[in-house]
Amino acid sequence: MRYLPQTPEDIAQMLQVCHAQALDDLYCDVPQELKLKQPYQLPEEMSEKEVRDFFASMRSKCTPLVCFGGAGFYDHYAPAVINALISRSEFLTAYTPYQPEISQGTLQYIFEYQSMMAELTGLDVSNASMYDGATATAEAMMMCVAAARKKNRVLISETVNPIVADVCRTYARYHKIALEVIPAKDGVTSRSEFELMMGAGDVAGVIVAAPNFYGIVEDYEGWADICHKAKALLVVNAPASALAAIRTPGEWGADIAVGDAQSLGMPLNYGGPYLGYMCTTKALIRKMPGRIVGATKDDKGQRVFVLTLQAREQHIRREKATSNICSNQGLMALYVAIYCSLMGPEGLKRVNELSCANAHDLAEKLAATAKMQLMYPDKPYLNEFLMKLPNLNAQAVVDKALEAGIFAGVKLADDLLLIAATEMQTAADIDRYVEIVKSL
């Protein structure tokens, strides 16, 4: 049975154990103003066909939008074969591979995922895996403190995605970590402020973004050297797809690379499920949360896969674990492994080339309307950019575009609109967007 309802006797027994008189007592700490005052607006019971027809009618009211939104989450094409494969029952129902002798398939695709992510970031090892890019970054912050031992001060750039920064602040608060912001200047992290804050000492780690929240590809030449001289770690947060086109965290000399792998073909899906990746150097492998799958040979000389490391001690002594966050996330790791296998290095580069071309084409055409202008015209960007609207209201642009089936971007202020482009938008979509702006 997919659903086993409790009997009145069951409920009465549970309430007795909870020392409650009625089910409403379980919600006594919820303020009255937050409680629903009317019945749920649910339809009456239906037959199976009526249920299907009901949801089909709801779906028909949804208008698919051409997505020019980004802010860390991007609309990329996903080959149909991915869903066909991950829907197979042996993948869909697989979970933690505790027993390697009967989990070879699961272990192998996790191993392949790790190998691909390590290559993409330019670092030694990858775990498998984290919930999303924000929590992966927060875990990296905790790794920095764990590695530094007696230092609990971490710096985070003002140009890191605010959502990511907020999650880091929450983690920092409850782990007694002093998280301080490196100010930004002209859309990029201030190098002088960074050096000044590092000079004060006691820094365990530094978190920066590439590209940053405004889409700008920042220059971090020499940052790792400054961090390492102060015995601090450098963390680079990046959307995974972009790493196929820009300088990798490994090339910057970073110790940890984190971010969301959603850009590797995962549908936006109103917020998930996504996949947080984390890669690091061999020196930090035992500070990294999550599992690491390795390859070896059995007694017959055959190549086999095993769980090489589970440093977090999730199953016992949870209070001593490196992290309690990361379930295996196996299905999403498989999704990324299939996507990267299908695309290959050239395919990933091509996706970024098309995205970059569309972004620059759109930015130039919007600027030519004289109703928008690039906020940071002298800064390099990949597929996302910030537009200033001197005489327009950003919300008015978003609302007008929605009427035409276009999501115009993310409003950051009344006169600021963050816009992204990928390979998914056509030349006609871009021209339609521009015409909407001209009409305002």
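Coordinates for the structure precede this section.
Definitions and cut-offs
Residues numbered from 1 in each chain as written. Predicted model: local features only at pLDDT ≥ 70, side-chain atom pairs only at ≥ 80, totals over all residues. Heavy atoms only, no water. Helix = DSSP H or I, 4+ residues; strand = E, 2+ residues; numbered from the N terminus. Rg over C-alpha atoms; globule rule 2.2 N^0.38 Å. Buried < 20%, exposed > 50% of the residue type's maximum accessible area, 1.4 Å probe, protein only. Phe/Tyr/Trp six-rings, centres within 6.5 Å; stacked < 30°, edge-to-face > 60°. Axes fitted to C-alpha atoms, helices over the stretch in contact; angles between N-to-C directions. Parallel < 35°, antiparallel > 145°, perpendicular 65-115°, else oblique. Left-handed = near helix turned anticlockwise from the far one by under 90°. Contact = heavy atoms within 4.5 Å. Pairing = 2+ DSSP bridges. 1 Å grid on protein atoms, 1.4 Å probe; cavity = no way out; pocket = protein on both sides within 12 Å on 5 of 7 lines; lining within 4 Å. Points joined across faces, edges and corners; volume = space filled by probe spheres on them. Nonpolar A, V, L, I, M, F, W, Y, C, P; charged D, E, K, R; others polar. Expected span 1.5 Å × (residues − 1). Polar contact = N/O pair within 3.5 Å; in protein donor to acceptor, adjacent residues only side chain to side chain. Core = buried A, V, L, I, M, F, W, Y, C linked by side-chain atoms within 4.5 Å.

(A) Seen up close, the overall build of the chain. Helix and strand content of the chain: 13 helices and 17 strands. Relative to the compact-globule value of 22 Å for 440 residues, the chain shows a C-alpha radius of gyration of 24 Å, a close match. Dimensions along the principal axes, computed over C-alpha positions, put the chain at roughly 70 × 60 × 50 Å. In the chain, buried positions account for 47% of the 440 residues.

(B) Region of the structure containing the packing of aromatic side chains. Inspection of every chain in the model, using the stated rule, returns 11 aromatic pairs. Ring plane angle 75 degrees and centroid distance 5.8 Å describe the contact between Phe91 and Tyr109, whose orientation is recorded as edge-to-face. Separated by 18 residues along the polypeptide, Phe91 in helix H4 (residues 89-92) and Tyr109 in helix H5 (residues 104-121) bring together distant segments of the chain. Accessibility expressed as a relative area gives 21% for Phe91, which makes it partly exposed.

(C) Spatial organisation of the packing of helix H6 (residues 133-148) against helix H7 (residues 162-174). Packing of H6 against H7 brings their axes to within 8 Å, and their N-to-C directions diverge by 45 degrees. The orientation of H6 with respect to H7, classified from their angle, is oblique. In terms of crossing hand, the pair formed by H6 and H7 is right-handed. Along the contact surface, H6 presents Ala134, Thr135, Thr137, Ala138, Glu139, Met141 and Met142, while H7 presents Val164, Val167, Cys168, Tyr171 and Ala172.

(D) How the structure looks around the sheet that holds strand S3 (residues 153-157). With mixed pairing, the 7 strands of this open sheet are ordered in space as S2-S10-S9-S8-S7-S3-S4. One side of each edge strand has no neighbouring strand; the edge strands of this open sheet are strand S2 (125-126) and strand S4 (178-182). As paired strands, S2 and strand S10 (residues 276-280) are joined by 2 bridges and run antiparallel to one another. When the sheet's bridge partners are listed, Ser126 is paired in S10 with Cys279.

(E) Local environment of empty space enclosed by the protein. Summed over the entire model, instances satisfying the criterion amount to 1 cavity of 30 Å³ or more. Estimates place the volume of the largest cavity at around 50 Å³. Lining the largest cavity are Tyr214, Ile216, Leu374, Met375, Tyr376, Lys379, Tyr381, Phe385 and Leu386. Considering only residue class, the lining of the largest cavity consists of 8 nonpolar, no polar and 1 charged.

(F) H6, seen in detail. The first and last C-alpha atoms of H6 sit 23 Å apart over 16 residues, in line with the 22 Å expected at 1.5 Å per residue. Residue Asp132 occupies the N-cap position of H6, its side-chain oxygen lying 3.3 Å from the main-chain nitrogen of Ala134. At the exit of H6 stands Arg149, carrying a positive phi of roughly 65 degrees.

(G) Fine view of the nonpolar core. If you look at the biggest cluster of nonpolar residues, it comprises 56 residues, and the most contacted ones within it are Tyr113, Met117, Val206, Leu234, Leu264, Tyr277 and Val336. Those elements that provide at least two residues to this core are helix H3 (80-86), H5, helix H8 (191-199), strand S7 (203-209), helix H9 (223-229), strand S8 (233-237), S10 and helix H11 (330-368). With residues up to four places along the chain from it excluded, the contact list for Tyr113 reads Ser126, Asn127, Ala128, Ser129, Leu275, Gly276, Tyr277, Ala333, Val336 and Ala337. In terms of nonpolar packing, the next biggest core, distinct from the first, is built from 32 residues, Val160, Ala172, Leu233 and Val258 among them.

(H) Inspection of the layout of surface pockets at higher detail. Roughly 690 Å³ of internal volume is contained in the largest pocket. Along the lines of polarity and charge, the residues of the lining of the largest pocket split into 15 nonpolar, 8 polar and 1 charged. Within this model, the second largest pocket holds a volume of roughly 480 Å³. Lining the second largest pocket are 33 residues, with Gly72, Phe73, Tyr74, Asn161 and Pro239 sitting closest to its centre.

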